[in-house]
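Commentary on secondary and tertiary structure
Residue strings, one per chain:
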Amino acid sequence: MSLFGKIFGSNSKGGKGPTPQEAVQKLRDTEEMLAKKQEFLEKKIEHELLTAKKNGTKNKRAALQALKRKKRYEKQLAQIDGTLSTIEFQREALENANTNTEVLKNMGFAAKAMKAAHENMDIDKVDDLMAEITEQQEVSQEIADAISRPVGFGEEFDEDELIAELEELEQEELDKNLLEIEGTEDVPLPSVPFTSLPAKPAKKKVEEDEDDMADLEAWAAN
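Please read these numbers as outputs of a predicted model, since none were measured by experiment. Note on numbering: residues in each chain are counted from 1, in written sequence order. Reporting of local features is limited, given that this is a predicted model, to residues whose pLDDT is at least 70; pairs of side-chain atoms are given and counted only at 80 or more, and all residues count toward the totals for whole chains, interfaces and linings. Side-chain descriptors were evaluated using all non-hydrogen atoms of the structure, hydrogens and water having been removed beforehand.

Observations concerning the overall build of the protein chain
Only DSSP runs of H or I with at least four residues qualify as helices, and only runs of E with at least two residues qualify as strands; both kinds are numbered from the N terminus onward. Along its length, the protein chain carries 6 helices and 0 strands. Starting at the N terminus and ending at the C terminus, the protein chain contains elements arranged as α-α-α-α-α-α. Note on exposure labels: buried denotes an accessible area under 20% of the residue type's maximum, exposed denotes more than 50%, and partly exposed covers the range between, all computed with a 1.4 Å probe on protein chains only. Residue burial in the protein chain is summarised as follows: out of 222 residues, 11% are buried. As displayed, the protein chain has an accessible area near 19900 Å², and 57% of this comes from carbon and sulfur atoms. To measure how exposed things are, a 1.4 Å probe is used in the Shrake-Rupley method; for residues, cover is taken only from the protein chains shown.

A look at a nonpolar patch on the surface
Each patch is built from salt-bridge-free residues with over 30% relative accessible area, joining like charges within 9 Å and nonpolar side chains (Val, Leu, Ile, Met, Phe, Trp, Tyr) within 5 Å. Salt bridge criterion: a side-chain nitrogen from Lys or Arg within 4 Å of a carboxyl oxygen from Asp or Glu. There is a patch of nonpolar side chains on the surface, built from Met 121, Ile 123, Val 126, Leu 129, Met 130 and Ile 133 and spanning about 560 Å² of accessible area. Looking at the element boundaries, Met 121 is found in the loop between α3 (60-118) and α4 (123-148).

As for the side chain of Lys 70
Tracing the sequence through the fold places Lys 70 in helix α3. We call two residues in contact when some of their heavy atoms are within 4.5 Å. The contact partners of Lys 70, leaving out residues within four places of it in the chain, are Ile 45, Glu 48 and Leu 49.

Looking at a negative patch on the surface
Negative charge collects at one region of the surface, where Asp 158, Glu 159, Asp 160, Glu 161, Glu 165, Glu 168, Glu 172, Glu 173, Asp 175 and Glu 180 lie side by side. Mapping Asp 175 onto the fold places it in helix α5 (residues 159-183). Here Asp 175 falls in the partly exposed class, since its relative accessible area comes to 35%. This count recognises Lys and Arg as positive and Asp and Glu as negative, with His and chain-terminal groups excluded. One atom stands in for each charge, and that atom is NZ of Lys, CZ of Arg, CG of Asp or CD of Glu.

Quick look at the nonpolar core
Put simply, a nonpolar core is a bunch of buried Ala, Val, Leu, Ile, Met, Phe, Trp, Tyr and Cys residues held in one set by side-chain atoms that sit within 4.5 Å of each other. Listed in full, the 9 residues of the largest apolar core are Leu 27, Leu 34, Leu 41, Ile 45, Tyr 73, Leu 77, Ile 80, Leu 84 and Ile 87. For this core, the secondary structure elements donating two or more residues are α2 (20-54) and α3. Here the element with the most residues in this core is α3; it accounts for 5 residues. Those residues in contact with Tyr 73 that sit more than four places away from it in its chain are Leu 41, Lys 44, Ile 45 and Glu 48.

Regarding α3
Note: α-helices contain 3.6 residues per turn, so residues at a spacing of three or four share the same orientation. Helix length check: α3 (59 residues) gives 87 Å between terminal C-alpha atoms against 87 Å at 1.5 Å per residue, within 8%. Within α3, burial applies to Ala 63, Ala 66, Lys 70, Tyr 73, Leu 77, Ile 80, Leu 84, Ile 87, Arg 91 and Asn 98. Packing partners of the buried residues in α3 comprise α2. Take the number of residues in a helix, subtract one, and multiply by 1.5 Å to get its expected span.

Focus on the pattern of salt bridges
In the structure shown here, the tally under the stated rule is 7 salt bridges. As a salt-bridge pair, Arg 69 and Glu 48 come within 2.9 Å of each other at their nearest N and O atoms. You can see Arg 69 sitting in helix α3 and its partner Glu 48 sitting in helix α2, a full 21 residues away along the chain.

Looking at the packing of α2 against α3
At their nearest, the axes of α2 and α3 sit 8 Å apart, and the two run at 160° to each other. Our classification of the angle between α2 and α3 gives roughly antiparallel. As α2 runs across α3, the sense of the crossing is left-handed. Only Asp, Glu, Lys and Arg are considered charged, only Ala, Val, Leu, Ile, Met, Phe, Trp, Tyr, Cys and Pro nonpolar, and every remaining residue, Gly among them, polar. The residue makeup of the contact of α2 with α3, split by class, is 18 nonpolar, 8 polar and 14 charged. Each axis is a line fitted through C-alpha atoms, taken for helices only over the stretch in contact, and angles between the N-to-C directions span 0 to 180 degrees. Angles are sorted into four bins: roughly parallel if under 35 degrees, roughly antiparallel if over 145, roughly perpendicular if 65 to 115, and oblique for all others. In this scheme the crossing of two helices becomes right-handed for a clockwise turn of the near helix relative to the far one and left-handed for an anticlockwise turn of less than a right angle.

With respect to the confidence of the model for the protein chain
pLDDT expresses how confident the predictor is about each individual residue, on a scale running from 0 to 100. Overall, the prediction assigns the protein chain a mean pLDDT of 80, with 74% of residues at 70 or greater. The spread of mean pLDDT over the elements of the protein chain runs between helix α1 (residues 3-8), the lowest at 50, and α2, the highest at 92.

See the structure below:
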């Protein structure tokens, strides 16, 4: 069985391959498994490094064995890093392909719907319909103009005659106003009186008696 067969699994039903969604999910599961493997190896590397430091001076052989195991773990960790990069690239490409497939599928569906909508349409019939609509709009406009046009109900007058009559009336009114203005010129103005204004009246007798009494009382007091 090939590597991809081991990763994606075999399909016993007619050899049909997995769907893009199934393949993406398989790749995600593989990424998760390798990430756990990475974490395990990192812990093993740290453990072997501590073992080598611990036995560096006491047990040289044990320290060397620990460093060898550490190197193997580091090599496996580097391989897993490369594998994860490859799987990530493949998963992203598969997701993009799946997206493009869905987009094309929807575009094809829309194209079929548009074709079905236009199936019973004829461009010549459309042109004829638009021409008929334009003609009916023009007829409707003519009817509206005819309805809104003022109607004299059989009474037609010469506009020039009406203007001449109006001017004659205005002239008569103007002549009348001029005659009224001329008639006011012969009306005599009132004469200015020549009599002099009355002089200031003399002091009243009562006031003179009061002054006399005041003088008498002043003399008696002395």
